[in-house]
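Tertiary structure, described
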Amino acid sequence: MSTSATTFVPDQGTADHDHGHHGPQGFFFTYIWSVDHKMIGLQYLWTSFFFLLLGGLLAMGIRFQLAYPGTEVPLIGMLLPSTVASDGIILPGGYNMLFTMHATVMVFLVVMPLLIGGFGNFLIPLKIGAGDMAFPTLNAMSYWLYVLSGLIILASFFVDGGAASSGWTAYAPLSSTAAYNNNTQIGQSLWCIGLFVNGLSSIAGATNYITTIVNMRAPGMTMFRLPLSVWSLFITSWLLILAVPVLSAAAAMLFTDLNFGTTFFNAQQGQPLLWQHLFWFFGHPEVYIMILPAMGLVSEILPVFARKPIFGYKAMVWAMVAIGFLGFIVWGHHMFVSGMNLTLGAMFSVSTMVIAVPSAIKTFNWMGTVWRGSISFTTPMLFALAFVSMFVIGGLSGIFMASTPVDLFVHNSYFIVAHIHYVLFGGSLFGAFAAIYFWYPKMFGRMMNETLGKIHFFATFVFFNLTFFPMHNLGLGGMMRRIADPTLYDHLRALQPLNVFVTWAAFGMGLATFIFLYNFIWSLRHGKKAGNNPWDSTTLEWTVPSPPGHGNFEKTPTVYNGPYEYSVPGMAKDFLPQDEKAPDGARLAAH
Amino acid sequence: MMKNFSTKLLCVGVLLLLAGAPEVMAAVRDTNLYWAPEAVTVTGKRIDVLLNFIFYLTGAVFVLTQAVYIYYLVKYRKRPGSKAHYSHGNNKLEIIWTAIPTAIFIGLVIYSNRLWGEIHSAPPENSVKVDVVSYQFGWDMRYPGADGKLGKIDVNTYSVDNKFGLVPDDPAGDDDFASTELVIPVGQPVHLYLHSRDVIHSVYVPAFRLYQAAVPGRTIAWVWFETTKTGDFQLACSQICGSGHYNMKAPIRVVTQEEFDKWQAGKIAAKAQEAKAAAAARETRQSTAALDPATGSARNSAGEKL
């Protein structure tokens, strides 16, 4: 790496970009203001790890309080800001901050940046045979806006009144009138600004992804030869572009309600339910924004380790397209019991049941993929296989809430907490772990340690289920979410041992994450060297060196095959890369 | 302690594995620990039928799919010489596994929405009417007096002196009495009018299978139910409403008709006593005012508010 920045020409990021031609180098341009999509992807990855630890720590605080209300938090109790704890004991208002910020951090600063920012950036150009993103500078800006939004949200813990504490859903007028919520005006305002900035980052990123995927595919890379991960990120980008502006607008309205005396969401001159409609119009597509990329990544990993083409490629694509469309007409199922018109609730119940169908289709196709395969249980495969099962549990528990009368019972109980974590942790995060173990060799040129990986998998899998499965039971037992002290209720006292149990399981899950981080960092230097294609995979990113150089491809690849040609009859090796012509005698079948 | 834990852990595990076994269900129901508390309303029992139906349905789907899945994973694990089958899918299968879930979901949504409609049908005429007013962080209940009618209210006039937002010119409100506990007669339909004086709260009574948000600025008038059993319960707020949310609760007593009548009569009598005392005070005040024509007229034009 020489530092010859004299011939800097803005990176056009085209596939035929001159490979030998480098942009500016040196530490600053390589690691900080990089416009290389791979570095930006890694920046997203590292930053989201930081926030994953923060969000996890907040979760530990929540669990400690629920198991031992009114007890001093060990070790870190005295370090907590005075708005969260007093004498090391978590305050009820501080508890509200913990769960509000846990969800805000995990949704906006961990899962979205990790899956969409991290893997979207790293993989899209490599997988479609492009040299970079369509707009590399916009890409860098998108990352730095994400960092800025994270700093704004972090800062809100230390302002007067503390961080936002009205739940990540921020229902008005609790959120829009500071006097109702312990005067957390600054914290809630920063929350609005943070989400607004985060939204700009998402919109910029999504615009970039769509443009790149539409315009910069290598010759022969037709839409139906795209790997499913790229399809999932393409559809996710459309959801982002259509849904995020609604949240940004709502956050801006909430901000002016808080600070400039407007009355959008106030009960006298405005309408509190308007906030919920705007929030969930974003919020439900958001659920799919967080799960679709994980579905795409897992769909990529299952065929590699089953040595089989993905089952029903086109069905998978159309199922994701259907989820994308239907995702915009189901938001009212969050509002069956909100005071919304009852007939409208019944209609949303219909659309919600309909959207379950494409999810079922995807599950069956994943099972079809392992059927008659030749399955190796590597760490990425274990996470991908577990993703399918956890997603099944999360999907099935969703049916309870989709049924309007049952929602009368389980709404806002721990049952929904269990459901969302099966989808978001068992789904999105298991998918992310699978993807990290799988693409780590491409990112860093070394393999992660398999033994540590398997220990991490089994510990996470067991503790995850011990943490979240009993929450279904807590919910059915009538435990409300978002209460700081369940022991104050007669009907919840009997459930307290289960709460203690869940807390210890959650601590175990938190500790398991450190095995992962240790492995991640240790393997950077000590991992086994990976060649270009350690998993014998077919897609284009495995045809270039690990890690790929600037500009990705020496010369633009030409694509001849679909993305999942494994175990093709009549071939010597059991995989056919996308850029290799099928040898004579190979009996390819259309998908 | 540890033994206690492992027993419970075992319970959860057993529930996972043998969810369908009636003995297990009975055992967990007895302890009330690992299943829902007994439903004590007519609609609650019907919701439970649907809840159980969905539980068995999803449970069966889960067990079946996971059994097949695990069987595949074991059977098709990589072994020396094993080769994967080359297949891109099967359209017939795609149609089958699209059609079956669709049919099940259509059935489920018809069942659900029918019950949803019945739960929210018009409340019977003879319902006991209660105005439930939520606030940060508690509940005020208002019952009709001897006339059986709740006085009209205006959601924009809540104040410290008028905590139910009563409209002064409606005489039906004069004898309404307040309570901090929700007392209801067993076997009688009860119709709740839900209000909030500040932010969104929600009425949540798990044993009633009841959840409904109370929205400030509005009256939610579609909640009614009929209890089947006497007992003490708790009304909880289940919508985050501020720093005191965690402890926003009120007692619910489901009592026999006789007990309810007695309680109601006592409350009505107390209210009448109170009204008499208030009227006497007003009379005294008015006669004092009459001594001073200037302030007297000022009071008259401003009415009760001064």
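Residues numbered from 1 in each chain as written. Chains lettered and ligands numbered in written order. Predicted model: local features only at pLDDT ≥ 70, side-chain atom pairs only at ≥ 80, totals over all residues.

Assigned secondary structure in chain A consists of 15 helices and two strands. Here chain A has a C-alpha radius of gyration of 24 Å; the compact-globule value for 591 residues is 25 Å, and the two agree. Considered along the principal axes of its C-alpha atoms, chain A spans approximately 75 × 55 × 50 Å. Split into buried and exposed, the 591 residues of chain A put 63% on the buried side. Counted over contacts in chain A with a minimum sequence separation of 6, partners at least 24 positions apart contribute 79%. (Helix = DSSP H or I, 4+ residues; strand = E, 2+ residues; numbered from the N terminus. Rg over C-alpha atoms; globule rule 2.2 N^0.38 Å. Buried ≥ 20, exposed ≤ 12 C-beta atoms within 10 Å, placed from the backbone. Contact = placed C-beta atoms within 7 Å.)

Let us now look at the overall build of chain B. In terms of helices and strands, chain B carries six helices and ten strands. Looking at chain B residue by residue over its 306 residues, the buried ones come to 32%. Here the contacts in chain B between residues at least 6 apart in sequence split such that 65% fall between residues at least 24 apart.

All names here are of chain A. Here helix α4 (residues 136-155) contains 20 residues, and its C-alpha end-to-end distance of 29 Å stays within 8% of the 28 Å for a straight helix at 1.5 Å per residue. Residues Pro136, Asn139, Ala140, Ser142, Tyr143, Leu145, Tyr146, Ser149, Gly150 and Ile153 constitute the buried set of α4. Looking at the buried residues of α4, the elements they touch are α2 (37-67), α3 (92-128) and α5 (185-215). (Expected span 1.5 Å × (residues − 1).)

All names here are of chain A. Residue Pro173 follows Ala172 across a cis peptide bond; omega there is 0 degrees. For Pro173, the location among the structural elements is in the loop between α4 and α5. The phi torsion at Ala170 lies on the positive side, around 45 degrees, for a residue other than glycine. The residue Asp536 is not glycine, and still its phi comes out positive at about 55 degrees. Looking at the secondary structure, you find Asp536 in the segment after α15 (496-526).

Attention now moves to helix α8 (residues 313-326) of chain A. Between the first and last C-alpha of α8 of chain A there are 20 Å, a value that for 14 residues agrees with the 20 Å anticipated at 1.5 Å per step. Every buried residue of α8 of chain A is listed here: Tyr313, Ala315, Met316, Ala319, Met320, Ile323 and Gly324 of chain A. Residues of α8 of chain A that are buried in the fold lie against α6 (228-259), α7 (272-306) and α9 (342-370) of chain A together with α4 (91-119) of chain B.

Residue and element names in this part refer to chain B. Bridge count for strand β1 (residues 128-135) against strand β5 (residues 189-196) is seven bridges, and the pairing is parallel. Within β5, the residue paired with Ser134 across the bridge is Ser196. If you look at the hairpin formed by β1 and strand β2 (residues 138-143), you'll find two residues sitting between the two strands. (Pairing = 2+ DSSP bridges.)

Each partner contributes to the interface: chain B provides 82 residues, whereas chain A provides 87 residues. At 14 residues, the largest contribution of residues to the side of chain B that touches chain A is made by α4 of chain B. Looking at the side of chain B that touches chain A residue by residue, the classes come out as 46 nonpolar, 27 polar and nine charged. (Nonpolar A, V, L, I, M, F, W, Y, C, P; charged D, E, K, R; others polar.)

Attention now moves to the nonpolar core. Nonpolar side chains in soluble globular proteins generally cluster together in the buried interior. Of all hydrophobic cores here, the largest spans 264 residues; its most connected members are Val111, Leu254, Ile301, Phe383, Phe387 and Ala434 of chain A. Discounting chain neighbours no more than four positions away, the residues touching Phe387 of chain A are Ala294, Val298, Gly427, Phe430, Gly431 and Ala434 of chain A. (Core = buried A, V, L, I, M, F, W, Y, C linked by C-beta atoms within 7 Å.)

Once that is clear, we can look at the packing of α8 of chain A against α9 of chain A. Residues and elements named next belong to chain A. α9 packs onto α8 with a crossing angle of 155 degrees between their chain directions and a minimal axis gap of 9 Å. Taken as axis vectors, α8 and α9 run roughly antiparallel relative to one another. Crossing of α8 over α9 shows left-handed handedness. Only Ser351, Val354, Ile355, Pro358, Ile361, Lys362 and Asn365 of α9 make contact with α8, whose side of the interface consists of Ala315, Met316, Ala319, Ala322, Ile323 and Leu326. The class makeup of the residues in the contact of α8 with α9 is ten nonpolar, two polar and one charged. (Axes fitted to C-alpha atoms, helices over the stretch in contact; angles between N-to-C directions. Parallel < 35°, antiparallel > 145°, perpendicular 65-115°, else oblique. Left-handed = near helix turned anticlockwise from the far one by under 90°.)

Below, the discussion takes up the confidence of the model for chain B. Atomic detail in the predicted coordinates should be set aside for any region of low pLDDT. Residue and element names in this part refer to chain B. Summary statistics for chain B give a mean pLDDT of 86 and a share of 82% for residues scoring 70 or more. pLDDT under 50 marks residues 292-306. Its contacts with residues more than four places away, or in other chains, come to six contacts. This prediction of the complex comes with two scores: 0.90 for pTM and 0.91 for ipTM. (pLDDT = per-residue confidence, 0-100.)

Turning next to the sheet that holds strand β7 (residues 210-214) of chain B. Residues and elements named next belong to chain B. Pairing is mixed in the open sheet, where five strands are placed in the order β4-β10-β9-β6-β7. Every interior strand has two partners, whereas the edge strands, β4 (182-185) and β7, have only one. Ignoring which end each strand starts from, the neighbouring axes of this sheet average 20 degrees apart. Pairing of strand β9 (residues 231-237) with strand β10 (residues 249-255), which is carried by six bridges, proceeds in the antiparallel orientation. Each residue of the ladder has a partner; that of Leu235, found in β10, is Ala250.

So, about the pairing of β2 of chain B. All names here are of chain B. Pairing geometry for β1 and β2, over five bridges, is antiparallel. In the sheet register, Val133 faces β2, and the bridge partner there is Asp140. Two strands pair when backbone bridges link them, and β2 and strand β3 (residues 177-179) are joined in this way by three bridges, in the antiparallel orientation. Residue pairing across strands places Tyr143 opposite Phe177, the latter belonging to β3.

Let's shift gears to the sheet that holds β2 of chain B. All names here are of chain B. The strand order β3-β2-β1-β5-β8 describes an open sheet built from five strands, whose pairing is mixed. Unpaired on one side and paired on the other, β3 and β8 (220-226) mark the two borders of the sheet. Going from strand to strand, the sheet's axes swing by 30 degrees on average, the running direction of each strand aside.

Residue and element names in this part refer to chain A. α7 packs onto α3 with a crossing angle of 45 degrees between their chain directions and a minimal axis gap of 9 Å. Here α3 lies oblique to α7, going by the angle between them. The two elements α3 and α7 meet at a crossing, and its hand is left-handed. In this structure, α3 contributes Val111, Met112, Leu115, Ile116, Phe119 and Gly120 to the contact, and α7 contributes Ile289, Met290, Pro293, Ala294 and Leu297. Looking at the contact of α3 with α7 residue by residue, the class counts come to ten nonpolar, one polar and no charged.

Moving on to the environment of Lys38 of chain A. Residue and element names in this part refer to chain A. Mapped onto the secondary structure, Lys38 falls in helix α2. Placed 376 residues apart in sequence, Lys38 and Tyr414 show a C-alpha to C-alpha distance of 40 Å. With residues near it in sequence (within four places) discarded, Lys38 still touches Phe122, Pro547 and Pro548.

With 96% of its residues at a pLDDT of 70 or more, chain A shows a mean pLDDT of 92. Every residue in residues 1-21 of chain A scores below 50 in pLDDT, and together they form 32 contacts with partners more than four places removed in sequence or on other chains.

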